[in-house]
Every structure is written in structure tokens, then in C-alpha cells.
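Now for the letters of each chain:
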Amino acid sequence: MKKFAFVFPGQGSQSVGMLDGWADHPVVAQTVAEASEALGENVGQLIKEGPKEALALTTNTQPVMLVAGVAAWRVWQAEGGALPDAVAGHSLGEYSALVASGVLTLAQATPLVRLRAAAMQDAVPVGTGGMAAVLGMDAVKVQAICAEVTAQLGGAEVVEAVNFNDPSQTVIAGSKLAVEKACEAVKAAGAKRALPLPVSAPFHSSLMKPAAEKLKAALADLSFAAPQIPVINNIDVTVQTDADAIRDALYRQAFGPVRWVECVQAIKARGVSHLVECGPGKVLMGLTKRIDADLTGAALYDPATLADVKELLA
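Residues numbered from 1 in each chain as written. Predicted model: local features only at pLDDT ≥ 70, side-chain atom pairs only at ≥ 80, totals over all residues. Heavy atoms only, no water.

Caption draft 1: Seen up close, the sheet that holds strand β2 (residues 86-89). Within the open sheet, the four strands sit side by side as β2-β1-β7-β8. Their pairing is parallel. The strands lining the two open edges of the sheet, one partner per strand, are β2 and β8 (296-300). Between one strand axis and the next, the sheet turns through 25 degrees on average, direction left out of account. Sheet topology note: the strand β1 (residues 4-8)/strand β7 (residues 274-278) ladder contains four bridges and is parallel. Looking at the pairing, F6 lines up with V276 of β7. Together, β1, β7 and β8 form the strand contacts of helix α4 (residues 58-78), whose direction differs from that of β1 by roughly 150 degrees. Here helix α12 (residues 283-291) sits on the sheet in contact with β1, β7 and β8, set at roughly 160 degrees to β7. (Pairing = 2+ DSSP bridges. Helix = DSSP H or I, 4+ residues; strand = E, 2+ residues; numbered from the N terminus. Axes fitted to C-alpha atoms, helices over the stretch in contact; angles between N-to-C directions. Contact = heavy atoms within 4.5 Å.)

Caption draft 2: Fine view of unusual backbone geometry. Cis geometry marks the peptide bond from G50 to P51, where omega comes out at 5 degrees. Mapped onto the fold, P51 is located in the loop between α2 (43-49) and α3 (52-55). Within the chain, S91 stands out as a residue other than glycine whose phi angle is a positive 60 degrees. Mapping S91 onto the fold places it in the loop between β2 and α5 (93-100). Classification of S91 as buried rests on a relative accessible area of 12%. Here the phi dihedral of H204 falls at roughly 70 degrees; this positive angle occurs in a residue that is not glycine. Relative to the helices and strands, H204 resides in the loop between β6 (193-196) and α9 (209-220). On the basis of relative accessible area, H204 is assigned to the buried category, the value being 3%. (Buried < 20%, exposed > 50% of the residue type's maximum accessible area, 1.4 Å probe, protein only.)

Caption draft 3: Spatial organisation of the sheet that holds strand β5 (residues 169-175). Strand order across the open sheet formed by four strands is β4-β5-β3-β6, with antiparallel pairing between neighbours. Both edges of this open sheet fall to β4 (159-166) and β6, since each of them pairs with a single strand only. Shown here is a sheet whose adjacent strand axes are inclined to one another by a mean of 25 degrees, direction ignored. Sheet topology note: the strand β3 (residues 129-135)/β6 ladder contains four bridges and is antiparallel. Bridge assignment links A132 to a residue of β6, and that residue is P196.

Caption draft 4: Here's a closer look at the packing of aromatic side chains. All told, the structure shown has five aromatic pairs when counted by the stated rule. Between the aromatic rings of F4 and F6, the centroid separation amounts to 5.6 Å while the plane-to-plane angle is 55 degrees, which identifies the pairing as tilted. Neither F4 nor F6 differs from the other in exposure class; each is buried. A centroid spacing of 6.0 Å and a plane angle of 75 degrees characterise the contact between F4 and W76, whose relative ring orientation is edge-to-face. With F4 in strand β1 and W76 in helix α4, the pair connects residues that are 72 residues apart, well separated along the chain. (Phe/Tyr/Trp six-rings, centres within 6.5 Å; stacked < 30°, edge-to-face > 60°.)

Caption draft 5: Broad picture of helix α10 (residues 243-253). Every buried residue belonging to α10 is among I246, R247, A249, L250, Y251 and Q253, and all of these are buried. Looking at the buried residues of α10, the elements they touch are α5, α6 (106-123) and α9. Two or three places before D244, at the start of α10, stands the capping residue D242, its side-chain oxygen 3.1 Å from that residue's backbone nitrogen. (Polar contact = N/O pair within 3.5 Å; in protein donor to acceptor, adjacent residues only side chain to side chain.)

The structure is reproduced here in C-alpha cells:
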């Protein structure tokens, strides 16, 4: 069998009915039931019926994306799929990766990501923060421009590079004014586009530090198991096995950048040739192609793609 890794998507890949492809698969139904019990609400109904606006609320998006990723992972296991050589997740997806690796149970992770989402939303009043995707510019140049704009605004307003998604796509975040100024500056400096993102908070920026403190307290109360599969984390691009080190990485991830390009490169360095996006959508597949054309990307989100992945990896 080919060497492969599973990667889990984060916010933005959600859609109403995203588990419908699994129909009444008992493993998926059990996963949804577990999450619903842990949250005290009907997660399955929210995923199946929406509405889209409710699914897009950060406090809902994070739990439902966790559930969708874990459901696909559990089906893979139930249908005889081999263990991957590594796992990773983009932002929120790191929590799905930790459940897949056995570090956290779904019952632990579901309320945890709900708390994380609520804390992030509360950290910055709606309308005062922003995010934008900068396309067609080297990440180092984007970082330099963000630093210049922050300095020009006197430090009261801040903008930072927070998601290094592929070699020519970097997401910036911070206070609304600073993000707007940075968008103007990167376009003037030659970026192809600077697209404001429809998000409710400046995720992964230093403005999320108050949210991270709330998350830190919640993480301290949870018992972590030893990972059964190496998890490459976002913040340091390392594999941690110590529980306190994993907690600290999750804490810092909340207000630090998602180093996705380096995560994918680190996975390849382990001898992996195939990356399987486990969960709804194909966002990470697209990024994989742009990060390293030698890597083969695949998606796993319904019975047909499950069969395709099994054949691909055989």
C-alpha cells in the first residue's frame, strides 16, 4: 500500500446536507448521535436541514465540521481502511486529527470546539475585525507589508499574516481598518487580488489572545491520551506526544498562524505520496496541488469516494 496521510478541513467547507452522501451508514449515525449528546442538541438536524446561515455561524460551524471529519474517518476504519502514516488538520481540522489519532474523544472535542468558537466570537466585537485572502504574492512580502501597515497605524490597529495556505495564497487578519489598509497596500505592491472574507472574527490573529486564554483553561481540564498516529500541528509544524505540549500547541494555535504549506511539506518529508482530505469539500486537495505537484490528493466524503481512495492507495 502507498504511504498516505489524512488531512482534515476547517471552516469554510461546510454545507447543508454534507453528510447525506453517507445515507444511513450506521457509523455516521452513531458519530452524529455522540456529538449531539455531548452538545445537548440535535447536530444531525442542523447538518441535514441547516439553514445555511445557521451552519455558517462560527459556534455551529466548528462542531459540525469536527463531526463530519470524524464521521468520514470512522467509516474509513470500519470499512477496513489502513492507518495513515500521519494526520493533520487545517485550523479547526486539527481537532478532527486529534480525535482520529485517539488523543481526544469526540465527546471531549465537540464541546471543546464549541467553546473555542464562542470564545473567538466574543474576543472581538462583530464588525471590528476582518480577514482577507491575498492572492499572487509571496508570503514573506505579505508579512512585511502587514508589519508596515501596523507600524503606520501606530500599533492601535493590527494586521497579520495568519494562514499560509499555498505558495501564492496568504490570509491576513486583524482590525477592520488595518486589514483594509493592508489590502490596498498589497494590491499596490503587485498582488493579483486581495479578497475580504465573509467571516465573523479575525481568526488566528493576536486579537484572539483573550479567546486562547479561555481555551487554555478548558484544555487544562481535559485528559489527553497518547497519539496513536503522528499529528503534525499547525503552529510549530511538529509532532508532539506529550499531553501538555499538545495542549500548549492548541492554545497558541488560536492566536497564531496556520502554517499549512509547511505542514504539507513536513508530511511529504515523512515519505508520504498521497494526501486524503477526510471530510466535506475539496479545499485541501486544491491547496495540495499548488503546494507540491508531486503529491497526489484525494477526497473522502461519501461511499463513492471511499471506494476511489481504497483503489488509489492499494
